[in-house]
Amino acid sequence: MVERTVPIDPAWARVDAYIGEKLLGTDAVLSAALAANAAGGLPDIDVSPAQGRMLHLLARMAGARRILEIGTLGGYSTIELARALPENGRLVTLELEPRHAEVARANIARAGLTDRVEVRVGPASETLLAMIAGDEAPFDFVFIDADKQGNAGYVDAALALSRPGTTIIVDNVVREGGVLDADSADARIHGTRALFDHLAAHPRLTATAVQTVGVKKWDGFLLAVVR
Ligand code: SAH
Ligand code: DHB
Ligand code: MG
């Protein structure tokens, strides 16, 4: 698999720092989560602070009471999303790696969110099938951020666990423009392209994608609402 090595534009990083300073402030819980992730050897692929706050705001704008996340890592985005929930809200987050889930549970506990958040360990495709078979109540908001090869299937599973009006967000859909590379050797690019193909004229989803730059390089989010 070919790794892209395009550096982060220093101007993007400076603007992210400015946004952080002006609008995000310091957050001991989120900083501790990132420190615990690093100490645990987890990859540094969480959403950025500005992106995390955006997810938090989108969940609040949607009035989400039940949130589904696919791809927990150390729970950085989980914490931002769970903080958007009302007192009796629920967030279910799916993670393949037991080691990631363990770090995430400790971070979520430190955030005081254990009562609202459940981390389910296993391949998301299997956990989602069990959830669909188990008549899980519909989710109001879904954040998809796991293996990119699974994205089209995760959207279908999210639809099966949705109601009209449910918001679905997918991370990493631009990958430094790699999404245009039909001949890519990277399976993640093919997964992303399959996602776009799947959503092209989808009968049940109104969608767009927004490109982003910053400390997480040039990437983007796909946003959709269930009709
Ligand atoms: N949402 C997190 C980052 C997630 S990184 C944040 O922004 O803070 C992607 C995560 O998906 C990794 O922890 C990886 O282990 C997990 N993952 C990869 N394949 C998976 C699968 N098949 N099922 C569930 N999780 C998976
Ligand atoms: C990767 C995954 C992510 O969710 C991300 O935000 C960045 C990179 C990856 O699999 O490389
Ligand atoms: Mg991601």
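Everything here concerns the structure above.
Residues numbered from 1 in each chain as written. Chains lettered and ligands numbered in written order. Predicted model: local features only at pLDDT ≥ 70, side-chain atom pairs only at ≥ 80, totals over all residues. Heavy atoms only, no water.

(A) How the structure looks around the site of ligand 1. Residues in contact with ligand 1 amount to 21 residues; listed here are only the nearest, Ser77, Glu95, His100, Ala124 and Asp145. Asp147 is positioned such that a nitrogen or oxygen atom in its side chain is 3.1 Å from a nitrogen atom of ligand 1. Split into classes, the residues belonging to the shell around ligand 1 amount to 10 nonpolar, five polar and six charged. (Near = heavy atom within 4 Å. Polar contact = N/O pair within 3.5 Å; in protein donor to acceptor, adjacent residues only side chain to side chain. Nonpolar A, V, L, I, M, F, W, Y, C, P; charged D, E, K, R; others polar.)

(B) Representation of the site of ligand 2 in the model. Taken together, the neighbourhood of ligand 2 is formed by Ile45, Asp145, Lys148, Asp171, Asn172, Arg175 and Arg188. At a separation of 3.4 Å, an oxygen atom of ligand 2 approaches a polar side-chain atom of Asp171. When the free accessible area of ligand 2 is taken as 290 Å², the share hidden by the protein chains comes to 75%. The residue inventory of the shell around ligand 2, partitioned by class, reads one nonpolar, one polar and five charged. (Areas by Shrake-Rupley, 256 points an atom, 1.4 Å probe, with all protein chains shown as cover.)

(C) Molecular detail of the coordination of the magnesium ion (ligand 3). Distances from the magnesium ion (ligand 3) to its protein donors, Asp145 (OD), Asp171 (OD) and Asn172 (OD1), fall at 2.0 to 2.1 Å. Judged by its relative accessible area of 14%, Asp145 falls in the buried class. According to the relative accessible area criterion, Asn172 is buried, its value standing at 14%. (Donors = N, O, S within 2.8 Å, 3.2 Å for Na, K, Ca; no water. Buried < 20%, exposed > 50% of the residue type's maximum accessible area, 1.4 Å probe, protein only.)

(D) The nonpolar core, seen in detail. Judged by nonpolar contacts, the single largest core of 26 residues is most densely connected at Leu68, Leu128 and Ile168. At the level of secondary structure, the elements contributing two or more residues to this core comprise β1 (66-70), β2 (90-95), α6 (124-133), β4 (139-144), α7 (151-160), β5 (162-170), α8 (187-199) and β7 (219-226). Per-element accounting of this core gives the leading share, five residues, to α7. Here Leu128 is in contact with Leu68, Ile70, Leu94, Tyr154, Ala157 and Leu161, once residues within four sequence places are set aside. Grouped together as the second largest cluster of nonpolar side chains are 25 residues, Leu55, Ala59, Leu91 and Leu113 included. (Core = buried A, V, L, I, M, F, W, Y, C linked by side-chain atoms within 4.5 Å. Helix = DSSP H or I, 4+ residues; strand = E, 2+ residues; numbered from the N terminus. Contact = heavy atoms within 4.5 Å.)

(E) Focus on the sheet that holds β1. The strand order β3-β2-β1-β4-β5-β7-β6 describes an open sheet built from seven strands, whose pairing is mixed. Since the sheet does not close on itself, it has two edges, and those belong to β3 (117-121) and β6 (205-212), each with one partner. Strand after strand, the sheet turns through a mean of 15 degrees between neighbouring axes, direction not considered. In terms of strand pairing, β5 meets β7 through four bridges, oriented antiparallel. When the sheet's bridge partners are listed, Ile168 is paired in β7 with Ala224. Its contacts with the sheet place α6 against β1, β2, β3 and β4, and it is angled at close to 140 degrees to β2. Of the strands in this sheet, β1, β4, β5, β6 and β7 are in contact with α7, which crosses β5 at around 155 degrees. (Pairing = 2+ DSSP bridges. Axes fitted to C-alpha atoms, helices over the stretch in contact; angles between N-to-C directions.)

(F) Geometry of the environment of Val119. Within the secondary structure, Val119 is located in strand β3. In sequence terms Val119 and Gly134 are 15 residues apart; their C-alpha atoms lie 17 Å from each other. Apart from residues no more than four positions distant in its own chain, Val119 is found in contact with Thr72, Thr93, Glu95, Ala101, Arg105 and Ile108.

(G) Structural context of the packing of helix α2 (residues 28-39) against helix α5 (residues 98-110). Across the interface, α2 lies against α5 with an axial gap of 10 Å and an inter-helix angle of 160 degrees. Considered as vectors, α2 and α5 are oriented roughly antiparallel to each other. Every pair of crossing elements has a handedness; the one defined by α2 and α5 is right-handed. For the pair formed by α2 and α5, the contact residues are Val29, Ala32, Ala33, Ala36 and Asn37 on the first element and Val103, Asn107 and Arg110 on the second. The class makeup of the residues in the contact of α2 with α5 is five nonpolar, two polar and one charged. (Parallel < 35°, antiparallel > 145°, perpendicular 65-115°, else oblique. Left-handed = near helix turned anticlockwise from the far one by under 90°.)

That is the geometry; function is a separate question.
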